[in-house]
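Here's the letter readout for the chains.
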Amino acid sequence: MEKTQHAADVSLVWFEHVDRFWSMQPTRFAFGLMTRSKAITYDNLALRAPEFVAKTDCAVADEVAAAGFARDAAAPVPPMFQPFRLRAMTLANRVVVSPMCQYSAVEGAPGDWHFVHYGARAVGGAGLLVTEMTVVSAQARITPGCTGMYSDAHEAAWRRIVDFVHANSAAKFCLQLGHAGRKGATRLMWEGIDEPLAQGAWPTLSASAVPYFPHSRAPREMTRHDMDMVVADFVRATERGERAGFDMLELHAAHGYLLASFISPLTNKRGDDYGGPLANRMRFPLEVFAAMRAAWPRSKPMSVRISATDWADGGLGPDDAVEVARLFAAAGCDLIDVSTGQTVPDARPIYGRMFQTPFSDQIRNEAAIATMCVGAITSADQVNTIIAAGRADLVALARPHLVDPSFTLAAAGWYGVEAVALPVQYEAARDQLLRNGERQRAEMSDLRHKARPKAHAATFKQAAE
Ligand SMILES: Cc1cc2nc3c(=O)[nH]c(=O)nc-3n(C[C@H](O)[C@H](O)[C@H](O)COP(=O)(O)O)c2cc1C
């Protein structure tokens, strides 16, 4: 009963905000309507109404063609395999390896672990990789294991990884830059996430002098001089990122770290021009963004990761997030990476599959800016559902990529996407990948047909009850 009620609630939200989708192409509008409660997905529909899904694929492909890409022939590839462009950067598909700290850097430098980690995921077919939060100074670290971009050694170590990714895959590589703020000087994830370091801690900065946990060290409230230093750190790291060869830059303004601490009223208690209403709280994050944008090549895109809600009373909500997105877009941001929470320890997030996607949907369709969604998205079916319904332009997966670097290649096999990029060393696997995918789909469809009368009977019984 709870599941049914939850589906009804999610569905209600769609109807209440139907004006968001008014201007959508009619088939995609219908696809969004069909999949609004998450109970029906792209693959479900492909079994029940293949012609409708084929029409949806064509509608997505037409939109992509209108953006200047060559149109696929009669049967276009599924939405997740459609290319996407931001400024001069073209992605081969819509799958993104979400940023994930590895807590394994030595003195800020990425090493062999990072080389293998990023290399494997690039070869695994995702269109875009985002680095873990890479910090702009030693004081900006979350933990002693965080990667940095504040020395020549860091720049050279990243360059080696970027070069490998470019030489051996079709993936593009985005550098996520951040500053830990009051969540700095904490332990490695596996030793106690967000817990203060027992030894070797460094002083931390934040919008206000409010500690994260009651037992965390209090940060210092930033002065204007601190702000100047931090802006300069971000600019230097941006210049290093360009020299290291990254294709894109993401500013981390989410999860309660330094810039997020300015945006949320729960962590920003300032009485000066940088506190109070949202426009004031955005002043410093926008200043950092503008300085980075000016130092980053015009042809290369930039994104910002935000927390679209604090999941806490008195905190940021989705309507604020739309405004935050608009302000960053006006400053030259090309894509909002929509995450949530992690601002305060007593937040009460509502988890569930694709649980953050509605925030991306709202920002994309109200602020008219490209978005990337993330959070409990685990299957290619969900990726296709989200893209086809216009809830996001890119879909990031974090934990699924930890255990399956080749998530995108496996999906290409399942959907029979022949053109997926494979390094020459792995070319021998292509035919088998596609054959196995075809067989699995045939078996699934067969099973479905055999099970259908029973499933229908059960549904009618349920509905009658
Ligand atoms: C081990 C780990 C490290 C993470 N590190 C970062 C990070 O450095 N920067 C960031 O923005 N998000 C980070 N995240 C959050 C993920 O990018 C993602 O938003 C979150 O895990 C939800 O996606 P998922 O359900 O696909 O795992 C991390 C997540 C995990 C699991």
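Owing to the predicted nature of the structure, the values given are computational and were not obtained by experimental measurement.

Draft legend 1. Structural context of the overall build of the protein chain. The number of helices and strands found in the protein chain is 17 helices and 13 strands. Taken over C-alpha atoms, the radius of gyration comes to 23 Å for the protein chain, in line with the 23 Å a tight globule of 465 residues would show. Considering only C-alpha atoms, the protein chain reaches an extent of 70 × 55 × 40 Å along its principal axes. Per-residue burial over the protein chain gives 56% buried out of 465 residues. Within the protein chain, residue pairs in contact and separated by at least 24 positions form 69% of the contacts whose partners lie at least 6 positions apart.

Draft legend 2. Seen up close, the pattern of salt bridges. Applying the stated rule across the entire model yields 21 salt bridges. One salt bridge connects Arg224 with Asp228, and the closest N-O pair in it is separated by 2.6 Å. With a gap of four residues between them, Arg224 and Asp228 both fall in helix 8 (residues 224-244), about one helical turn apart. Overall, the relative accessible area of 40% leaves Asp228 in the partly exposed class. With a shortest N-O distance of 2.7 Å, Asp337 and Arg305 are connected by a salt bridge. Taken together, the residues Asp337 in strand 11 (residues 335-339) and Arg305 in strand 10 (residues 302-307) connect sequence positions 32 residues apart.

Draft legend 3. Seen up close, the site of the ligand. Taken together, 18 residues surround the ligand, and among them Ser98, Pro99, Cys101, Ala376 and Arg399 come closest. Side-chain polar atom of Gln176 to a nitrogen atom of the ligand: 2.9 Å apart, as the coordinates give it. Here the ligand has 600 Å² of accessible area as a free molecule, and 85% of this is covered by the chains. When its residues are assigned to classes, the shell around the ligand shows 10 nonpolar, five polar and three charged.

Draft legend 4. Spatial organisation of a nonpolar patch on the surface. A surface patch of nonpolar side chains, amounting to about 340 Å² of accessible area, comprises Met189, Trp190 and Ile193. Overall, the relative accessible area of 54% leaves Trp190 in the exposed class.

Draft legend 5. View of unusual backbone geometry. Of note, Ala185 is a non-glycine position whose phi angle comes to about 55°, a positive value. Topologically, Ala185 is positioned in the loop between strand 6 (172-178) and helix 7 (189-192). Backbone geometry at His255 places phi at a positive 60°, although glycine is not the residue there. Relative to the helices and strands, His255 resides in the loop between strand 9 (248-253) and helix 9 (258-263). Residue class for His255 comes out buried when judged on its relative accessible area of 8%.

Draft legend 6. Quick peek at the packing of aromatic side chains. One pass over the structure, following the stated rule, counts 20 aromatic pairs. These aromatic residues form a ring-pair network of at least three members: Trp14, Phe15, Phe21, Trp22 and Phe29. For Arg85, the ring lying beneath its charged end belongs to Phe69, and the centroid distance is 4.3 Å. Taking the ring centre of Tyr257 as reference, the NZ or CZ of Lys183 above it sits at 5.0 Å.

Draft legend 7. Highlighting the environment of Glu250. Its place among the elements puts Glu250 in strand 9. A C-alpha to C-alpha distance of 40 Å links Glu250 and Arg439, two positions 189 residues apart in sequence. Every residue in contact with Glu250, bar those within four places of it in the chain, is listed here: Pro99, Val130, Cys174, Leu175, Gln176, Leu177, Ser303, Val304, Arg305, Asp337 and Met372. Separated by 2.8 Å, the side chains of Glu250 and Ser303 make a polar contact.

Draft legend 8. Representation of the nonpolar core in the model. Grouped together as the largest cluster of nonpolar side chains are 106 residues, with contacts concentrated most on Phe284 and Phe328. The greatest single-element share of this core, amounting to seven residues, is contributed by helix 8. Residues contacting Phe284, with those up to four places away along its chain left out, are Met222, Met227, Val230, Val231, Leu258, Leu259, Phe262 and Tyr274. Grouped together as the second largest cluster of nonpolar side chains are 15 residues, Leu91, Val96, Val130 and Met248 included.

Draft legend 9. Structural detail: the state of the cysteines. Enumeration over the complete set of coordinates arrives at zero disulfides. Free cysteine: Cys174, not disulfide-bonded; nearest cysteine sulfur from Cys333 at 11 Å. Judged by its relative accessible area of 0%, Cys174 falls in the buried class.

Draft legend 10. Region of interest: the domain arrangement of the protein chain. Each assigned domain of the protein chain is listed with its residue range as follows: domain 1 (78-417) and domain 2 (431-465). On a C-alpha basis, the centres of domain 1 and domain 2 stand 39 Å from each other. Counting residues at the interface gives eight residues for domain 1 and seven residues for domain 2. Between domain 1 and domain 2, the buried area comes to about 530 Å², and carbon and sulfur atoms account for 72% of it. Sorting the residues of domain 1 by area buried against domain 2 places Leu409, Gly413 and Trp414 first, and these three jointly supply 79% of that buried surface. A class-by-class count of the residues in the side of domain 1 that touches domain 2 yields six nonpolar, two polar and no charged.

Draft legend 11. Representation of the side chain of Ser169. Mapping Ser169 onto the fold places it in the loop between helix 6 (152-168) and strand 6. Looking at Ser169, its side chain comes within polar contact range of the main-chain oxygen of Val165, at 2.8 Å. A distance of 3.1 Å separates the side chain of Ser169 from the backbone nitrogen of Ala171, its partner in a polar contact. With near-sequence residues (within four places) excluded, Ser169 lies in contact with Ala122 and Val123.

Draft legend 12. Quick look at the pairing of strand 6. Most of strand 6 is tucked away: six of the seven residues are buried. As paired elements, strand 4 (residues 128-130) and strand 6 share three bridges and run parallel to each other. By the bridge assignment, Leu129 is partnered in strand 6 with Phe173. As defined by bridge partners, strand 5 (residues 134-135) adjoins strand 6 across two bridges and the pair is classed as parallel. Within strand 6, the position partnered with Thr134 by the bridge is Leu177. With four bridges connecting them, strand 6 and strand 9 associate as parallel partners. The residue of strand 9 that forms the bridge with Cys174 is Met248.

Reading the values: rules and limits
Residues numbered from 1 in each chain as written. Predicted model: local features only at pLDDT ≥ 70, side-chain atom pairs only at ≥ 80, totals over all residues. Heavy atoms only, no water. Helix = DSSP H or I, 4+ residues; strand = E, 2+ residues; numbered from the N terminus. Rg over C-alpha atoms; globule rule 2.2 N^0.38 Å. Buried < 20%, exposed > 50% of the residue type's maximum accessible area, 1.4 Å probe, protein only. Contact = heavy atoms within 4.5 Å. Salt bridge = Lys/Arg side-chain N within 4 Å of Asp/Glu carboxyl O. Near = heavy atom within 4 Å. Polar contact = N/O pair within 3.5 Å; in protein donor to acceptor, adjacent residues only side chain to side chain. Areas by Shrake-Rupley, 256 points an atom, 1.4 Å probe, with all protein chains shown as cover. Nonpolar A, V, L, I, M, F, W, Y, C, P; charged D, E, K, R; others polar. Patch = residues over 30% accessible without salt bridge, like charges linked within 9 Å, V, L, I, M, F, W, Y side chains within 5 Å. Phe/Tyr/Trp six-rings, centres within 6.5 Å; stacked < 30°, edge-to-face > 60°. Lys NZ or Arg CZ within 6 Å of the ring centre and 35° of its normal. Core = buried A, V, L, I, M, F, W, Y, C linked by side-chain atoms within 4.5 Å. Disulfide = S-S within 2.5 Å. Domains from an automatic or database assignment. Buried area = accessible area lost by both parts, 1.4 Å probe. Pairing = 2+ DSSP bridges.

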